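Here is how the chains run, residue by residue.
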Amino acid sequence: MAHHPNTPFKLLVLHGPNLNLLGRREPGVYGTVTLDEINAALATDAAELGATVDCLQSNHEGVLVDRIHDAWGDIDGVIINAGAYTHTSVAIRDAIAGVQIPTVEVHLSNIYQREPFRHHSYLAPVVLGQISGFGAMSYRLGLRAIVAHLQALNA
């Protein structure tokens, strides 16, 4: 998508299954910050960086796939924490590959320090990069990474 100068980058933030439970779910692993707090921080950071964010959480794989499809031609960049779908969803991987919107994968925990089944990401081969292990800050770092990438593309 060609970006027009002087208009904010439009970013999509996708949160996968169980992320609606943040702040209550296994706080030793995922921290105590809620999803609403993460989304609010992203909106503030985005505004400071000349971007806007549209955030969606779903526990349903098809909803996430549909939103990725709908982003085509409308969204400049995607930040995705696909949760458990990271390790299982060829459908989400194919949607990201299909729309070819620059995407950053984020995770709250360091997935490589966890159970072996979490060490493989179907998304990693089709995204710009992956940020994991920094809690809620992973999203904020992902936001900075995608904006820097988009700025470089449009320089």
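Up top is the structure these notes are about.
First things first, this report covers the structure right here in the doc. (Residues numbered from 1 in each chain as written. Predicted model: local features only at pLDDT ≥ 70, side-chain atom pairs only at ≥ 80, totals over all residues. Heavy atoms only, no water.)

1. A look at the overall build of the protein
Phase 1 of the analysis: For the protein, the helix and strand inventory stands at 5 helices and 5 strands.
Phase 2 of the analysis: In the protein, the succession of helices and strands from N to C terminus is β-α-α-β-α-β-α-β-β-α.
Phase 3 of the analysis: Here the C-alpha atoms of the protein give a radius of gyration of 15 Å, agreeing with the 15 Å that 2.2 N^0.38 yields for 155 residues.
Phase 4 of the analysis: Once the C-alpha set of the protein is aligned to its principal axes, its extents read approximately 45 × 30 × 25 Å.
Phase 5 of the analysis: Residue pairs in contact within the protein that sit at least 24 positions apart in sequence constitute 77% of those at least 6 positions apart.
Phase 6 of the analysis: With the model as given, the accessible surface of the protein reaches about 7,500 Å², and the carbon-plus-sulfur share is 55%.
Phase 7 of the analysis: Put simply, the protein has 9 plus and 14 minus side-chain charges, and the middle of one group is 4 Å from the middle of the other. (Helix = DSSP H or I, 4+ residues; strand = E, 2+ residues; numbered from the N terminus. Rg over C-alpha atoms; globule rule 2.2 N^0.38 Å. Contact = heavy atoms within 4.5 Å. Areas by Shrake-Rupley, 256 points an atom, 1.4 Å probe, with all protein chains shown as cover. Lys, Arg positive; Asp, Glu negative; His and termini not counted. Charge placed at Lys NZ, Arg CZ, Asp CG, Glu CD.)

2. Brief notes about the pattern of salt bridges
Phase 1 of the analysis: Taken as a whole and assessed by the stated rule, the structure comprises 4 salt bridges.
Phase 2 of the analysis: The shortest N-O distance in the salt bridge between Asp 74 and Lys 10 comes to 2.6 Å. One end of the pair, Asp 74, is in the loop between α3 (61-71) and β3 (77-81); the other, Lys 10, is in strand β1 (residues 9-15), and 64 residues separate them in sequence.
Phase 3 of the analysis: Here Lys 10 falls in the partly exposed class, since its relative accessible area comes to 33%.
Phase 4 of the analysis: The closest approach of N and O atoms between Asp 94 and Arg 93, which form a salt bridge, is 3.0 Å. (Salt bridge = Lys/Arg side-chain N within 4 Å of Asp/Glu carboxyl O. Buried < 20%, exposed > 50% of the residue type's maximum accessible area, 1.4 Å probe, protein only.)

3. Notes on the sheet that holds β1
Phase 1 of the analysis: What the 5 strands build is an open sheet, ordered β2-β1-β3-β4-β5; its pairing is parallel. The sheet terminates laterally at β2 (51-57) and β5 (129-132), the two strands that pair on one side only. Taken pair by pair, the neighbouring strands of this sheet meet at an average axis angle of 20°, ignoring direction.
Phase 2 of the analysis: Sheet topology places β1 next to β3; 5 bridges connect them, and they run parallel. In the sheet register, Val 13 faces β3, and the bridge partner there is Ile 79.
Phase 3 of the analysis: Along the sheet, α3 makes contact with β1, β2 and β3, crossing β1 at roughly 170°. (Pairing = 2+ DSSP bridges. Axes fitted to C-alpha atoms, helices over the stretch in contact; angles between N-to-C directions.)

4. Considerations on α3
Because each turn of an α-helix spans 3.6 residues, side chains separated by three or four positions in sequence point in the same direction.
Phase 1 of the analysis: Within the sequence span of α3, burial applies to Leu 64, Val 65, Arg 67, Ile 68 and Ala 71. Within α3, the buried residues cover an arc of 160° as seen down the axis, which keeps them to one side.
Phase 2 of the analysis: The elements touched by buried residues of α3 are β1, β2, β3 and α4 (90-99). (Arc of directions from axis to C-beta.)

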